[in-house]
Amino acid sequence: MFSNFLSLMLSATLMTLGLAVCALILGLILSMIFVVFETAKIRCIRNLTSVFLTLLRGLPEILVVLLIYFGSTQVLFILTGDFIEFSPFWSGVVALAIIFAAYASQSLRGAIQAIPLGQWESASALGLSRSQAFISIIMPQVWRHALPGLSNQWLILLKDTALVSLIGVNDLMRQAELSNANTHQPFTWYGIAALLYLAVTILSKIGIARLEKRFTRFEREAA
């Protein structure tokens with residue numbers, strides 16, 4: 001009995017990791033879009049993006065998850081008259097990605113602002129267009145400056161995956177609840193869930209440390 005539930009907990013851990021990785025990829029894309037909009041030359045776009053991000057950061061994260069899952073279904077029903085039930089997994093991915101992007105965009109924007117303007121001018125003198133300069137020269141440096149902030153957001157994202165258990169995703173937290181409901185051993189299963197979350201966090205920190213060494217190797221060599 002114990003081994004069966006433990007196997008389910010390990011499978012749920014993989015579900016949690018899949019959820020977090022998908023949300024991370026989508027969140028990075030959204031965060032770059034938010035940065036583009038927030039730094040746009042058109043004032044209306046800048047203001048609307050700033051208000052939207054402020055609202056996102058001001059709302060409880062569980063409320064964002066519930067609004068995406070239940071609210072999107074209701075909005076589509078009002079617009080089309082058809083009841084469409086979205087996948088809890090992908091609704092959770094979208095909700096977590098939006099939450100991640102709302103904070104990660106600030107790290108990216110700060111990293112872009114930390115790049116000296118002279119590098120843009122140098123790229124222009126070399127005949128590179130603004131988009132080529134951004135991709136080839138600016139972005140590699142942006143990731144290096146933004147990595148500490150993005151790393152912290154990734155660790156927060158891992159723990160925020162527990163929120164999607166409320167919309168039916170069989171992640172680690174939900175499986176711990178189901179195991180407890182069947183065995184009435186809350187300390188055992190929530191304790192195992194805590195250890196698994198901790199293991200994933202430690203492995204993530206090791207991976208992040210290696211990434212930071214890779215991104216800063218040129219600075220260490222120059223020194």
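Check the entry above for the structure.
Report follows, based on the coordinates. (Residues numbered from 1 in each chain as written. Predicted model: local features only at pLDDT ≥ 70, side-chain atom pairs only at ≥ 80, totals over all residues. Heavy atoms only, no water.)

The topology assignment puts A97 in helix α4 (residues 88–113). Sequence separation between A97 and G27 is 70 residues; the distance between their C-alpha atoms is 4.1 Å. If near-sequence neighbours (up to four positions away) are discounted, A97 is found in contact with A23, L26, G27 and L30. (Helix = DSSP H or I, 4+ residues; strand = E, 2+ residues; numbered from the N terminus. Contact = heavy atoms within 4.5 Å.)

Membership of the largest hydrophobic core comes to 32 residues, with the highest contact counts inside it found for V142 and W154. Mapped onto this core, the elements with two or more residues apiece are α1 (2–38), α3 (61–80), α4, α5 (117–125), α6 (130–160) and α8 (186–215). Per-element tally for this core: the top contributor is α6, with 10 residues. Contact partners of W154, with chain neighbours within four places excluded, come to A20, V21, L24, F100, S204 and I208. If you look at the next biggest cluster of nonpolar residues, it comprises nine residues, including W189, I192, A193 and Y197. (Core = buried A, V, L, I, M, F, W, Y, C linked by side-chain atoms within 4.5 Å. Buried < 20%, exposed > 50% of the residue type's maximum accessible area, 1.4 Å probe, protein only.)

One can find S165 in the loop between α6 and α7 (172–183). Within polar-contact distance, the side chain of S165 engages the backbone oxygen of A162 at 2.7 Å. Here S165 is in contact with D171, M173, R174 and E177, once residues within four sequence places are set aside. (Polar contact = N/O pair within 3.5 Å; in protein donor to acceptor, adjacent residues only side chain to side chain.)

The next subject is unusual backbone geometry. The phi angle at H184 is positive, at roughly 55 degrees, despite the residue not being glycine. As for its position among the elements, H184 is in the loop between α7 and α8. Residue H184 is classed as exposed on the basis of its relative accessible area of 65%.

With that out of the way, let us pick up the packing of helix α2 (residues 43–58) against α4. Packing of α2 against α4 brings their axes to within 9 Å, and their N-to-C directions diverge by 120 degrees. Between α2 and α4, the crossing angle belongs to the class labelled oblique. Crossing angle aside, the handedness with which α2 passes α4 is left-handed. Residues L53, L56 and R57 of α2 lie in contact with α4, whose contacting residues are I98, A102, Y103, S105 and Q106. (Axes fitted to C-alpha atoms, helices over the stretch in contact; angles between N-to-C directions. Parallel < 35°, antiparallel > 145°, perpendicular 65-115°, else oblique. Left-handed = near helix turned anticlockwise from the far one by under 90°.)

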